Amino acid sequence: MNISSRPSSIVSSMIALWGSAGAFMGNFARFSGRRLWTSIALVAFAAIVDGAGLLLLLPIIDVVVSRDGGHLHTKALLDSIGVHSPMGQLAVLLAAFVCAALLRAFVLYARDMRLALLQGDFAEHERNKIMRTLAGAPWVRIAALSHARITSLISVEVNRIGASAQFMIQGSVSLMMLVVQGALAIVLAPGLALTIIAILVVGGGAIMLAQGRIRDIGTRMVDANHKMMGSATGFLGGLKAATAQNAQGGFVEEFATIQRSVRGRQIEFMERQARAKRLFAIGSSLMGAAVVLTGYAATVSPATLITLVLIFGRMSGPALMIQQSVQNFFFGLPAFEAIRNLETELSSSAAPMPVPVPPPPGAIELQGASFLHPGGGGLRPTSLRIEPGEFIGITGPSGAGKTTLVELLTTLQEPQVGRLLIGGEPLDAARQAGWRESLAYVPQEGFLFNDTIRRNLTWGSASVAEPAIWEALRLAGADEIVARLPAKLDSLVGERGTALSGGERQRLAIARALLRDPRLLVLDEAANAIDAAGEKALLERLAALDPRPTIVMISHRAESLIRCDRVITIESGQLSG
Ligand SMILES: Nc1ncnc2c1ncn2[C@@H]1O[C@H](COP(=O)(O)OP(=O)(O)OP(=O)(O)O)[C@@H](O)[C@H]1O
């Protein structure tokens, strides 16, 4: 039963393989646009110049071998332009050969530069596309993704896509050169050349059939790279605690195991490549011997036979390159498939980004809104009205649904039941974008990137005036901290803000939020690393803001909630306050 189903499964896997390869090529062609055609034209021109140089070998060898000016049509041609002596004819032919070689060198340079740029731009374009897709995807989908998967895709796998594109181009260049060289061989000795070309085509077909296995190795490589990235980021994330407890050994051992698996995949692929190369070397030397023997037996002229040998010798380079390129292309193809899968997962519900429209002024209102996560935790149907400028505290046990509530208010999650109204109006896509632009959300781990304090506060916007930055720092209680630093606002905060304490990082994150002059300020345990006196003073300054934004603050500390106009308690996904 299995035996009868095998051919059809081979056919369907070949269809899938070539469907995927076709999608890659189509993607590359769409990206390249007109540049692809000019590159192909350059590739074809380079192949023709190469062929012309090879063709010139025939009369040169003819003149050298026969020493009387040769027997070919070129002799008559050279005679007709007044070059009669063998030495003169050889000089003219060699000059033409050198000119063709020079032209070839310049065309090859232009071709290679153009193709390298195209390949580099393609990798960059793919990387940007992933980032755009991520930026436009709904939070619910992004939250479900593994960070290691994304990091692995935008670093390692995009580079593999770039390499695949390069091999695809190199393979096409070699194929074009092979076609021109094959055509020359056919002109010189049709029977012999066609036989050898037929053998090459059969060999090429066998190579293509083996590519399914190469792609399987490439798929396992994507998996191994993902695991390695996950292990490395987990290691770095947990290194401080592990070092403190002298438990780094476990991390190192796990990393070494994954590393061995990545290396195993690479060696598996390289072994296949080396095997194919060995086969190719044996095959091409046998073929060379066959050309000489058959040519000699068929009494092909010495000049033609030497030129044929040179052409077939020259053909082995492009033929080997095609074989290697095909293998490398299919090895990298799963990287393209993995990126495409990610894009499909993220963009299946992502609509184009609308132009933001600010929602009307007025209250923030949840009407019977609920959101339950896959495990059943979250927020049960809730109705809540928050007036403009209100300072709301939210408290409750861990896992009660506090963060889920603010995720609904900020539209990071959409209610599964019920709705969110702002100023009495529901939010369409444009108003949702406008709403997000008008709010500031500060999570507990207040994210800082490895740059200056100024850039961390302004997120790169040059239009923020320095006095506004200092005012935001003052409100967050960070002005004196920054003023004490040698480079003040231009001091670097280190990776994820490691040059600062936890409380200092939280103050900067709050300053950044205030700098946005938000309509809604959400503090999700955003001040819990700040000392009690510092937090009290900070909350007093926030409460005294005039005009005051609506503030929604999640906190477990009763003393932090004293400043709030109203405190809501959530338990098991339900409001009770
Ligand atoms: N992405 C998710 N997938 C599955 N379950 C989730 C997800 N996010 C939250 N939950 C679950 O939903 C429930 C509510 O989570 P939420 O983060 O809103 O709680 P919380 O009150 O903010 O908790 P804490 O005070 O510990 O931060 C928890 O049981 C949590 O495990």
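Residues numbered from 1 in each chain as written. Predicted model: local features only at pLDDT ≥ 70, side-chain atom pairs only at ≥ 80, totals over all residues. Heavy atoms only, no water.

J.: So what about the domain arrangement of the protein chain? Which residues, and what values?
T.: The assigned domain composition of the protein chain is domain 1 (17-31 + 119-347) and domain 2 (364-575). Computed from C-alpha atoms alone, the centre-to-centre distance between domain 1 and domain 2 is 48 Å. (Domains from an automatic or database assignment.)

J.: Can you tell me about the sheet that holds strand S3 (residues 391-395), naming the residues and giving the values?
T.: In space, the 6 strands of this open sheet follow the order S6-S7-S8-S3-S9-S10, with mixed pairing throughout. If you trace the sheet from one side to the other, it starts and ends with strand S6 (439-442) and strand S10 (574-575), each paired once. Relative to strand S8 (residues 550-554), strand S7 (residues 520-524) is paired through 5 bridges, and the arrangement is parallel. The partner of Leu 523 across the bridge, within S8, is Met 553. (Pairing = 2+ DSSP bridges. Helix = DSSP H or I, 4+ residues; strand = E, 2+ residues; numbered from the N terminus.)

J.: Any chance you could break down the packing of aromatic side chains for me, citing the residues and the numbers?
T.: Throughout the structure, instances matching the rule amount to 8 aromatic pairs. Relative to Phe 122, the ring of Phe 28 has its centre 4.9 Å away and its plane inclined at 90 degrees; by these criteria the two rings are edge-to-face. Residue Phe 28 is located in helix H1 (residues 2-32), and its partner Phe 122 is located in helix H4 (residues 86-136); the two are separated by 94 residues in the primary sequence. With respect to burial, Phe 28 and Phe 122 carry one shared label: buried. Ring centres of Phe 329 and Phe 330 lie 5.1 Å apart, and the angle between their planes is 85 degrees; on these two criteria the pair is classed as edge-to-face. A single burial state applies to Phe 329 and to Phe 330, both of which are buried. (Phe/Tyr/Trp six-rings, centres within 6.5 Å; stacked < 30°, edge-to-face > 60°. Buried < 20%, exposed > 50% of the residue type's maximum accessible area, 1.4 Å probe, protein only.)

J.: Pulling in residues and values, what's your account of the side chain of Gln 119?
T.: Along the chain, Gln 119 falls in helix H4. Taking the relative accessible area as the measure of exposure, Gln 119 reaches 16% and is therefore buried.

J.: Quick rundown of the environment of Glu 254? Include the residues and the values.
T.: Within the secondary structure, Glu 254 is located in helix H9 (residues 248-297). The class of Glu 254 is partly exposed, set by a relative accessible area of 41%.

J.: How would you summarise the packing of helix H2 (residues 34-66) against helix H6 (residues 147-188) if you had to cite specific residues and measurements?
T.: As a packed pair, H2 and H6 sit with axes 9 Å apart at the nearest point and diverge in direction by 35 degrees. In this structure, the crossing between H2 and H6 has a hand that is right-handed. Here H2 contributes Ile 40, Val 43, Ala 44, Ala 47, Ile 48, Asp 50, Gly 51, Leu 54, Leu 55 and Leu 58 to the contact with H6, which in turn contributes Val 173, Met 176, Met 177, Val 180, Gln 181, Leu 184 and Leu 188. Taken together, the residues of the contact of H2 with H6 sort by class into 14 nonpolar, 2 polar and 1 charged. (Axes fitted to C-alpha atoms, helices over the stretch in contact; angles between N-to-C directions. Left-handed = near helix turned anticlockwise from the far one by under 90°. Contact = heavy atoms within 4.5 Å. Nonpolar A, V, L, I, M, F, W, Y, C, P; charged D, E, K, R; others polar.)

J.: Now, about the pattern of salt bridges: what can you tell me, with residues and values included?
T.: Enumeration according to the criterion identifies 25 salt bridges in this entry. A salt bridge links Arg 149 to Glu 345; the shortest N-O distance between them is 3.0 Å. One end of the pair, Arg 149, is in helix H6; the other, Glu 345, is in helix H10 (residues 302-347), and 196 residues separate them in sequence. Residue Arg 149 is classed as buried on the basis of its relative accessible area, which comes to 18%. In this structure, Arg 265 and Glu 268 form a salt bridge, with 3.3 Å as the shortest nitrogen-oxygen distance. (Salt bridge = Lys/Arg side-chain N within 4 Å of Asp/Glu carboxyl O.)

J.: Tell me about the nonpolar core, and please be specific about residues and values.
T.: Phe 24, Phe 28, Phe 312, Phe 330 and Leu 333 are the most contacted members of the largest nonpolar core, which has 65 residues in total. Elements with a contribution of two residues or more to this core: H1, H2, H4, H6, helix H7 (190-209), helix H8 (211-244), H9 and H10. With 18 residues, H10 is the largest single contributor of residues to this core. Excluding anything up to four places from it in sequence, Phe 28 contacts Leu 36, Leu 118, Phe 122, Ala 165, Met 168 and Ile 169. In terms of nonpolar packing, the next biggest core, distinct from the first, is built from 36 residues, Ala 511, Leu 523, Ala 527 and Leu 538 among them. (Core = buried A, V, L, I, M, F, W, Y, C linked by side-chain atoms within 4.5 Å.)

J.: If you had to explain the site of the ligand to someone new, which residues and values would you point to?
T.: Surveying the vicinity of the ligand reveals 14 residues, the closest of which are Gly 399, Gly 401, Lys 402, Thr 403 and Thr 404. Here Gly 401 contributes a backbone N or O atom positioned 2.9 Å from an oxygen atom of the ligand. Taking His 556, its side chain carries an N or O atom lying 3.3 Å from an oxygen atom of the ligand. Within the complex, 60% of the 630 Å² of free accessible area of the ligand lies under protein. Split by residue class, the shell around the ligand holds 3 nonpolar, 9 polar and 2 charged. (Near = heavy atom within 4 Å. Polar contact = N/O pair within 3.5 Å; in protein donor to acceptor, adjacent residues only side chain to side chain. Areas by Shrake-Rupley, 256 points an atom, 1.4 Å probe, with all protein chains shown as cover.)

J.: Explain the sheet that holds strand S2 (residues 378-386) to me, using residue names and the numbers behind them.
T.: Pairing in this open sheet of 4 strands is antiparallel, and the strands run S2-S1-S4-S5 from one edge to the other. Two strands close off the open sheet at either side, each with one partner strand: S2 and strand S5 (425-426). Direction of pairing for strand S1 (residues 364-372) relative to strand S4 (residues 417-422): antiparallel, over a ladder of 5 bridges. Pairing of Ile 364 across the sheet is with Ile 422, part of S4. Contacts from helix H11 (residues 402-409) reach S1, S2 and S4 within the one sheet, and its direction differs from that of S1 by about 125 degrees.

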